[in-house]
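Inside the fold
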Amino acid sequence: MAEHLAAKCYNNLLLTLLFIISSLMTLALSEDEYDGLYTLNVEHSFSSGEEAVFSKRGVITLHSLKSGTAEFFTDFELSDTQRQQLKELAANDGVYRLRVGRVSTDENSVNYLYSFVKACALVESRLSDVITVHVDHSGSLIGISVTTTAPWCSGRLPAVGDLQDFNTTVEVQQSVTGPIPETQAYIQRLEMEKQQAKGQQVDNRSFFAKYWMYLVPLVIFIMIVQNADQGAQGGGGGRG
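Here the structure is a predicted model, which is why all the values come from computation and not from measurement.

A look at the overall build of the protein
- What the protein contains, in helices and strands, is 5 helices and 8 strands.
- Written out in order from the N terminus, the α and β elements of the protein read α-β-β-β-α-β-β-α-β-β-β-α-α.
- Taking all 240 residues of the protein together, the buried fraction comes to 27%.
- Accessible surface, the protein as shown: approximately 17100 Å² in total, 57% of it carbon and sulfur.

And the structure:
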């Protein structure tokens, strides 16, 4: 009886411990997964002129910057007019434009980041595209880019009826801060190299050019000594 009770207590303790560990792991994964949740409004244009008219396409939701998890959601369907515009844009070798709004630092205006892709590539890929969101090390939006599953245009455009809904994949690329150059240490090293280069320079001057300041006093001294000897010899001859 006592052994059965001890075994039951042990099992309950083990289950409680496993539950605590599981809860902590779930919490840790949850915090990691949703470390940077925010949304981006995506707009597109089928205009071919400089004054592009944009309409809403959908919303990108970034779940996590660490894991690069993001999704694209939309409640908008292409109208028959938009499909026809896209088909004409592709036939005329135009570009399909995309933009994402970014709130400015004063939060009173919205700055847009743009990207584009050839309309014929989008049409031939049957609206399958990849939107890449570029963010800096702090998670701030710095750019977007759009590509299609069709790498180039073959000229074989599908029918308008085949262009139904967008099949969009979202990727997140976070920039990495590179190493900061040690400017002061680099300058000091350059100065040391200059000093060493100066010390290793070969002096190609002649012997006299290098040591004249030593030779001239020596020559003058020798001349003075010789003159003194000659004067002494002349005086001795007169006394005899």
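So, the packing of aromatic side chains
- Applying the stated criterion to the full structure yields 4 aromatic pairs.
- Seen in terms of ring centroids, phenylalanine 46 and tyrosine 96 are 5.8 Å apart; in terms of plane orientation they differ by 50 degrees. Their pairing is tilted. Taken together, the residues phenylalanine 46 in the loop between strand S1 (38-45) and strand S2 (54-64) and tyrosine 96 in strand S4 (residues 95-103) connect sequence positions 50 residues apart.
- Relative accessible area serves as the criterion here: at 0%, tyrosine 96 is assigned to the buried category.
- Here the aromatic rings of tyrosine 112 and tyrosine 114 are separated by 6.4 Å at their centres, their planes lie at 55 degrees, and the arrangement is tilted.
- Taking relative accessible area as the criterion, tyrosine 112 reaches 32% and is therefore assigned partly exposed.
- A residue is classified by how much of its surface remains accessible, and tyrosine 114, at 48% relative accessible area, is partly exposed.
- The side chain of arginine 99 reaches across the aromatic face of phenylalanine 54, ending 4.2 Å from its centre.

As for the state of the cysteines
- Summed over the entire model, instances satisfying the criterion amount to 1 disulfide.
- For cysteine 120, the disulfide goes to cysteine 153, at an S-S distance of 1.8 Å. On the S-S bond that ties cysteine 120 to cysteine 153, the torsion sits near 75 degrees, and the link is right-handed. Highlighted residues: cysteine 120 in helix H3 (residues 119-124) and cysteine 153 in the loop between strand S7 (141-148) and strand S8 (167-174), separated in sequence by 33 residues.

Quick look at the pairing of S2
- Of all 11 residues in S2, 9 are buried, a share of seventy percent or more.
- Alignment of S1 against S2, held across 8 bridges, turns out to be antiparallel. When the bridges of S2 are listed, histidine 44 appears paired with serine 55.
- Relative to strand S3 (residues 69-73), S2 runs antiparallel, the two being bridged by 5 bridges. Following the sheet pairing, serine 64 is matched in S3 by threonine 69.
- What sits between S2 and S3 in their antiparallel hairpin is a turn of 4 residues, with glycine 68 showing a positive phi close to 70 degrees.

Some words on the pattern of salt bridges
- Per the stated rule, a full pass over the model turns up 4 salt bridges.
- One salt bridge in this structure joins aspartate 93 and lysine 118, with 2.5 Å as the shortest N-O distance. Residue aspartate 93 is found in the loop between helix H2 (80-91) and S4, and its partner lysine 118 is found in strand S5 (residues 110-118); the two are separated by 25 residues along the sequence.
- In this structure aspartate 93 comes out as partly exposed when scored by relative accessible area, which is 48%.

Quick notes on the confidence of the model for the protein
- For the protein, mean pLDDT is 76; residues scoring 70 or higher make up 65% of the total.
- The model gives residues 27-34 a pLDDT under 50, and that stretch makes 8 contacts with residues more than four places away or in other chains.

Remarks on the nonpolar core
- In this structure, Ile60, Leu62, Leu86, Tyr96 and Val133 are the most contacted members of the largest nonpolar core, which totals 32 residues.
- Looking at this core element by element, the count peaks at 4 residues for H3.

Calculation notes
- One numbering rule holds for all chains: residues counted from 1, following each sequence as written.
- Selection of residues for local features in this predicted model requires a pLDDT of at least 70, selection of side-chain atom pairs for listing and counting requires 80 or more, and totals for whole chains, interfaces and linings are taken over all residues.
- Each side-chain value is derived from all of the structure's non-hydrogen atoms; neither hydrogens nor water enter the calculation.
- Helix and strand assignments follow DSSP, with helices taken as H or I runs no shorter than four residues and strands as E runs no shorter than two, numbered in order from the N terminus.
- Using a 1.4 Å probe on the protein chains alone, a residue whose accessible area is under 20% of its type maximum counts as buried, one over 50% counts as exposed, and one in between counts as partly exposed.
- Computed with the Shrake-Rupley method and a 1.4 Å probe, the accessible areas treat only the protein chains shown as cover for residues.
- Put simply, two rings from Phe, Tyr or Trp (the six-membered ring, in Trp's case) pair if the centres are within 6.5 Å, and we call them stacked under 30 degrees between planes, edge-to-face over 60, tilted for the rest.
- Two conditions define a charge located above a ring, namely a distance within 6 Å from the ring centre to NZ of Lys or CZ of Arg, and an angle within 35 degrees of the ring normal.
- Note that a disulfide, as used here, is simply two cysteine sulfur atoms within 2.5 Å.
- At least two bridges found by DSSP between two strands are what make those strands a pair.
- We count a salt bridge whenever a side-chain nitrogen from Lys or Arg sits within 4 Å of a carboxyl oxygen from Asp or Glu.
- Across the chain, each position has a pLDDT score giving the predictor's confidence in that residue, from 0 to 100.
- Only heavy atoms enter the contact rule, under which two residues are in contact if any of them lie within 4.5 Å.
- By nonpolar core we mean a set of buried residues, namely Ala, Val, Leu, Ile, Met, Phe, Trp, Tyr and Cys, connected to one another through side-chain atoms within 4.5 Å.

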